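Here are the chains, one letter per residue:
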Amino acid sequence: MIYKPFQDISLSRLGMGNMRLPALRPGDPKSPIDWPAAHEILKLAMESGINYYDTAYVYQGGESERCLGEGMKQFPRDSFYLATKYNVAANPDYREVFATQLERLQTDYIDFYLLHCLMDSRIDSYLNNGCIDYFLDLKAQGKIRYLGFSSHASPATLRRFADHHQWDFAQLQINYFDWNYSTTKEEYDILDERNIPIMVMEPVRGGRLAQLTPDAEKLLKDAHPDWSIASWAMRFVRTLPRVQVILSGMSTLEQVRDNAATFSDPGTLSDEDMATLMKACDLFHTQLQVPCTGCRYCCDDCPMQINIPEYLKVYNAWKIGEGGIRQDLDEVESQGKFESCIGCGSCTGHCPQNIAIPEIMAQLKERFG
């Protein structure tokens, strides 16, 4: 495992994301976590040298924090760093949230604490409800070691929030796809100019960059047959100097092994490798229709309880010409089906990628309903 200094400590370049821990009923968004399987993953992550573990108050209905807290009890508390988050939309009572998180995680302090999912519609809530002063006070007491935020906001909002005070760190969605086709590079530059270290989420875009279109994958496999497709995404993010930790939401032992192998090699992408990756990205972009990361923020308030991310995966497969779409739609585990969508728009207000979900459901309904 390779490491990078952060203030007075050293962090593994690979961090363990705990938003997609294995479920007892795979594919069912309401399924409880498979705790023994999750704890086996955490054990392998620790044995692989990972020392940064990220979760949040809302992940997997709060069970992620509980599972992580129980799983890490077997290791000395000073051998790893916990990161979790306060989401004003989930529960505005920041005092209650923090107390609950300490209980769930079975600790008396949080190493890295974040204001969660900054968006244009939420910035004033975070700036005006008193939470920042409260968390800064907890930092002074030693109950929080480093204070930061995660952002899905526009560059203008990010710039405004970053200037509030000197944050210890921030978390951004960075991957080679968004670097080319979104505002990611501008967001990175905003934090770089302010000397704010960056923790990276979605380096493989919710797993979407682990499996590209056939033409794009062939380019990468021809260049490095021994590299996994996902490892190209990790290596790209590692080329960015301001990046500190790269999070991966690992839900299988094989994912831990593959990522650990990638992060045992300090080498970076050559100029030729970078050119190959950008060419593959361009090919992929021409065929990809919906940039869903599978975060599931769209699901909780859906009145029809539709498993939206799974239907978006099928939609992408349809748009790039894969077969068996009708069967794939039928096999999606969801209480509400895609035909059930009433177009209320509740989902779009929670989508960090600003996907027009009701329009997509309408397309699926028209073609396959």
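In this report, the structure presented in the accompanying data block is examined. (Residues numbered from 1 in each chain as written. Predicted model: local features only at pLDDT ≥ 70, side-chain atom pairs only at ≥ 80, totals over all residues. Heavy atoms only, no water.)

**A few points about the environment of Ala210**
Locating Ala210 in the fold gives a position in the loop between β9 (198-201) and α9 (214-223). On the accessibility criterion, Ala210 (35% relative accessible area) is partly exposed. Put simply, Ala210 and Asp192 are 18 residues apart on the chain and 27 Å apart in space, counted from C-alpha to C-alpha. Setting aside residues up to four positions removed in sequence, Ala210 forms contacts with Val204, Glu217, Ile229 and Ala230. (Helix = DSSP H or I, 4+ residues; strand = E, 2+ residues; numbered from the N terminus. Buried < 20%, exposed > 50% of the residue type's maximum accessible area, 1.4 Å probe, protein only. Contact = heavy atoms within 4.5 Å.)

**Brief notes about the nonpolar core**
Formed by 83 residues in total, the largest nonpolar core has its most connected members in Tyr53, Leu115 and Phe135. The element contributing the most residues to this core is helix α10 (residues 229-238), with 7 residues. If near-sequence neighbours (up to four positions away) are discounted, Tyr53 is found in contact with Met16, Asn18, Leu42, Ala45, Met46, Leu68, Met72, Phe80, Tyr81, Leu82 and Ala83. Counting 25 residues, the second-largest nonpolar core is a separate cluster that includes Ala317, Val332, Cys351 and Leu364. (Core = buried A, V, L, I, M, F, W, Y, C linked by side-chain atoms within 4.5 Å.)

**Points about the sheet that holds β9**
Taken together, the 8 strands give a closed barrel; going around it, the order is β3-β4-β5-β6-β7-β8-β9-β10, and neighbouring strands pair in parallel fashion. The sheet shows a mean angle of 30° between the axes of neighbouring strands, taken without regard to direction. Bridging between strand β7 (residues 144-151) and strand β8 (residues 169-173) involves 4 bridges; their strand directions are parallel. Bridge pairing in β8 links Ser150 to Gln171. Against the sheet, helix α5 (residues 131-141) makes contact with β5 (81-86), β6 (110-118) and β7, and its axis sits at roughly 150° relative to β7, the strand it touches most. (Pairing = 2+ DSSP bridges. Axes fitted to C-alpha atoms, helices over the stretch in contact; angles between N-to-C directions.)

**Some remarks on the packing of aromatic side chains**
If you walk through the whole model with that rule in mind, you get 29 aromatic pairs. Judged by centre distance (5.2 Å) and plane angle (20°), the ring pair of Phe161 and Trp167 falls under stacked. For the pair shown, Phe161 and Trp167 are each scored as buried. Linked through ring pairs, Tyr86, Tyr94, Phe98, Tyr113, Tyr126, Tyr134, Phe135, Phe149, Phe161 and Trp167 together constitute an aromatic cluster. (Phe/Tyr/Trp six-rings, centres within 6.5 Å; stacked < 30°, edge-to-face > 60°.)

**Here's the deal with the pairing of β6**
The element β6 is largely enclosed, with a buried count of 9 among its 9 residues. A crossover links β5 with its parallel partner β6, the connecting element being helix α3 (residues 94-105), and its sense is right-handed. Pairing of β6 with β7 involves 6 bridges; the strand directions are parallel. Bridge assignment links Leu114 to a residue of β7, and that residue is Gly148. (Right-handed = clockwise from strand over helix to strand, strands pointing away.)

**Quick notes on unusual backbone geometry**
One non-glycine residue, Gln60, lies in positive phi territory at about 50°. With respect to the helices, strands and loops of the structure, Gln60 is situated in the loop between β4 (52-54) and α2 (63-71).

**A look at α10**
α10 sits mainly inside the fold: 10 of its 10 residues count as buried. Those residues of α10 that sit buried are Ile229, Ala230, Ser231, Trp232, Ala233, Met234, Arg235, Phe236, Val237 and Arg238. Its buried side turned inward, α10 meets α7 (176-181), β9, α9, β10 (243-248), α11 (253-262) and α12 (271-287).

**Topic: the layout of surface pockets**
When its volume is computed, the second largest pocket comes out at roughly 490 Å³. Surrounding the second largest pocket, 27 residues form its lining, Ser182, Thr183, Pro352, Gln353 and Asn354 being those nearest its centre. A per-element tally of the lining of the second largest pocket places α7 first, with 3 residues. Tallied by class, the residues present in the lining of the second largest pocket amount to 9 nonpolar, 14 polar and 4 charged. (1 Å grid on protein atoms, 1.4 Å probe; cavity = no way out; pocket = protein on both sides within 12 Å on 5 of 7 lines; lining within 4 Å. Points joined across faces, edges and corners; volume = space filled by probe spheres on them. Nonpolar A, V, L, I, M, F, W, Y, C, P; charged D, E, K, R; others polar.)

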